[in-house]
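Structure at a glance
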Amino acid sequence: MVLLALLLAGRAAALGSEDYIASLERIRQSLAANQLDVAKSEARALIGQQVDSPLGRFHTDEALLNAVVNASRADHTLQLRLATTIAELRRSAPSAIPASDPKRLSAVAAEQEVPEFAPGGDVPTTLEREVPFMEQIAEAIVRALEWIGEKLGKLIDWLIEFLPRQRRADGKAGDIRWSVIGMVALIVIAVVILAIAVLRRGKSGTSEVAESTEPAGSKRDENPLSRGATEWERYAAQLASEGRHREAIRAWYQAVLVTCYSAGILSFRKGRTNWEYLAMLAPTLPWRAEMIALTRRFEVEWYGHAESSEEALDDCSERASRILESVRRGAREVA
């Protein structure tokens, strides 16, 4: 009895995320060395375990581990799946913060100290006045206008040189000069109007594109097979920590569907509705009523609300966790 209690306590204890990563790495190395029995033994011990991570507790990837246990050879694709899972787990883990060096901190603090001013005399300074942004724009516009005026003056003088010398001698050069200035001004105004029209057209086109663009990753989230069951659980915890309760509810539901696919209870088909999946569940399944309640709540939150409450997320996550535990327990009993 004591031995059984110790075994049950060890089974209930959750692994650390680093221990889980290390175990998966050992399995991958065993497959790479063609030590299939060692890899199977390590994978069998991880099935059904829970893992503590900074994003919350989740179950080990049972679909991946069962693939190792049932493998007939050290498949390269299986090694690649293990490497991808390990990389994803390491990416989500917080990076270690290096310990601070007291001596280095003291040296940096000493460098930042400002020496005292010498008595008497002027205080030299190399600091320049920070020019406000609007003042910089105004100065730039003034310089641009001065440059345009200078170039226009040269252009007008150049055009006047083409006039006959007799007309210039008659004193009409001034009138002609103003005529040329008026013509150039009309051309400049026309160019400015065209530029403003082009800019407005460009802004309206950009806003239309921005409004029609979907958030990054939304297409992947619609496909339950885009992640493994464990990845969906971890993703749900991440979304919940960011306050995205409605999306976290969908992630929990996707985790349940993927687990049912892996256990052979449901078969995936593109376009099949959630209620069609429910119709495929055997009436004898003990968690069928829980799955119906979870589906009904998910449909209301995802299709009926723009945002979901934390209470709705807690309800869906608890129901999903109970279903996941029942399905995985049944898979272990069959194995």
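Above: the structure in question.
Residues numbered from 1 in each chain as written. Predicted model: local features only at pLDDT ≥ 70, side-chain atom pairs only at ≥ 80, totals over all residues. Heavy atoms only, no water.

Two elements, strand 2 (residues 50–53) and strand 3 (residues 56–59), share four bridges in a ladder whose sense is antiparallel. Note on strand 3: the bridge partner recorded for valine 51 is phenylalanine 58. Adjacent in sequence and paired antiparallel, strand 2 and strand 3 are bridged by two residues. (Pairing = 2+ DSSP bridges. Helix = DSSP H or I, 4+ residues; strand = E, 2+ residues; numbered from the N terminus.)

Using the criterion set out here, one finds two cavities of 30 Å³ or more in the structure. Of the volumes computed, that of the second largest cavity is approximately 30 Å³. Lining of the second largest cavity is provided by Asp221, Trp232, Tyr235, Leu239, Glu247, Arg250 and Ala251. Breaking the lining of the second largest cavity down by element, the ones donating at least two residues are helix 11 (229–241) and helix 12 (245–263). When the residues that make up the lining of the second largest cavity are grouped by side-chain class, the tally is four nonpolar, no polar and three charged. (1 Å grid on protein atoms, 1.4 Å probe; cavity = no way out; pocket = protein on both sides within 12 Å on 5 of 7 lines; lining within 4 Å. Points joined across faces, edges and corners; volume = space filled by probe spheres on them. Nonpolar A, V, L, I, M, F, W, Y, C, P; charged D, E, K, R; others polar.)

This next bit is on the packing of helix 3 (residues 36–46) against helix 4 (residues 62–69). Between helix 3 and helix 4, whose axes approach to 8 Å, the crossing angle comes to 150°. One way to sum up the angle between helix 3 and helix 4 is to call them roughly antiparallel. Once helix 3 is placed against helix 4, the crossing between them reads as left-handed. Contacts from Ala39, Lys40, Ala43, Arg44 and Leu46 in helix 3 reach Leu65, Val68 and Val69 in helix 4. In terms of residue class, the contact of helix 3 with helix 4 is built from six nonpolar, no polar and two charged. (Axes fitted to C-alpha atoms, helices over the stretch in contact; angles between N-to-C directions. Parallel < 35°, antiparallel > 145°, perpendicular 65-115°, else oblique. Left-handed = near helix turned anticlockwise from the far one by under 90°. Contact = heavy atoms within 4.5 Å.)

Burial of the side chains of strand 2 is restricted to one face: Val51 and Ser53 are buried, whereas none of Gln50 and Asp52 on the reverse face is. Inspection of the sheet shows strand 1 (residues 15–16) paired to strand 2 by two bridges, in the parallel sense. When the sheet's bridge partners are listed, leucine 15 is paired in strand 2 with valine 51. (Buried < 20%, exposed > 50% of the residue type's maximum accessible area, 1.4 Å probe, protein only.)

Quick look at the sheet that holds strand 1 now. Strand order across the open sheet formed by three strands is 1-2-3, with mixed pairing between neighbours. Strands with a single pairing partner mark the edges of an open sheet, and in this sheet they are strand 1 and strand 3.

Bringing helix 11 into the picture now. Counted at 1.5 Å a residue, the expected span for helix 11 with its 13 residues is 18 Å, and the 19 Å between its end C-alpha atoms agrees. Turning to helix 11, its buried residues number three or more, namely Ala229, Thr230, Trp232, Glu233, Arg234, Tyr235, Ala236, Ala237 and Leu239. Of the residues one or two after helix 11, glycine 243 is the one with positive phi, at around 80°. (Expected span 1.5 Å × (residues − 1).)

Here the focus is the pattern of salt bridges. Applying the stated criterion to the full structure yields 15 salt bridges. Here arginine 28 makes a salt bridge to glutamate 25, at a shortest N to O gap of 2.5 Å. Of the two residues, arginine 28 and glutamate 25 are both situated in helix 2 (residues 17–32); the distance of three residues between them amounts to about one turn of the helix. A salt bridge links aspartate 221 to arginine 250, with the shortest nitrogen-to-oxygen separation between them at 3.8 Å. (Salt bridge = Lys/Arg side-chain N within 4 Å of Asp/Glu carboxyl O.)

Residues Glu310, Glu311, Asp314 and Glu318 make up a contiguous surface patch of negative charge. With respect to the helices and strands, glutamate 311 occurs in helix 15 (residues 310–334). With relative accessibility at 64%, the residue glutamate 311 sits in the exposed group. (Patch = residues over 30% accessible without salt bridge, like charges linked within 9 Å, V, L, I, M, F, W, Y side chains within 5 Å. Areas by Shrake-Rupley, 256 points an atom, 1.4 Å probe, with all protein chains shown as cover. Lys, Arg positive; Asp, Glu negative; His and termini not counted. Charge placed at Lys NZ, Arg CZ, Asp CG, Glu CD.)

A separate point is unusual backbone geometry. One non-glycine residue, asparagine 34, lies in the positive phi region at around 65°. Among the structural elements, asparagine 34 can be located in the loop between helix 2 and helix 3.

Turning next to the packing of helix 4 against helix 5 (residues 76–92). For the pair helix 4 and helix 5, interaxial distance at closest approach is 11 Å and the crossing angle is 150°. By the angle between their axes, helix 4 is roughly antiparallel relative to helix 5. Taken as a pair, helix 4 and helix 5 cross one another with a handedness that is left-handed. Counted together, Ala63, Leu64, Ala67 and Val68 of helix 4 and Leu78, Arg81, Leu82 and Thr85 of helix 5 form the full contact between these two elements. Class assignment of the residues belonging to the contact of helix 4 with helix 5 gives a composition of six nonpolar, one polar and one charged.

Moving on, we come to the nonpolar core. Val256, Leu257, Leu266, Trp287, Met291, Leu294 and Ile323 are the most contacted members of the largest nonpolar core, which has 32 residues in total. Elements represented by at least two residues in this core include exactly helix 11, helix 12, helix 13 (274–280), helix 14 (288–304) and helix 15. Among the elements that make up this core, the one with the highest residue count is helix 12 (eleven residues). Among all residues touching methionine 291, those that are not within four sequence positions of it are Tyr253, Val256, Leu257, Leu278, Leu281 and Ile323. Within the second largest apolar cluster, 22 residues are counted, among which are Leu46, Ile47, Val69 and Ile86. (Core = buried A, V, L, I, M, F, W, Y, C linked by side-chain atoms within 4.5 Å.)

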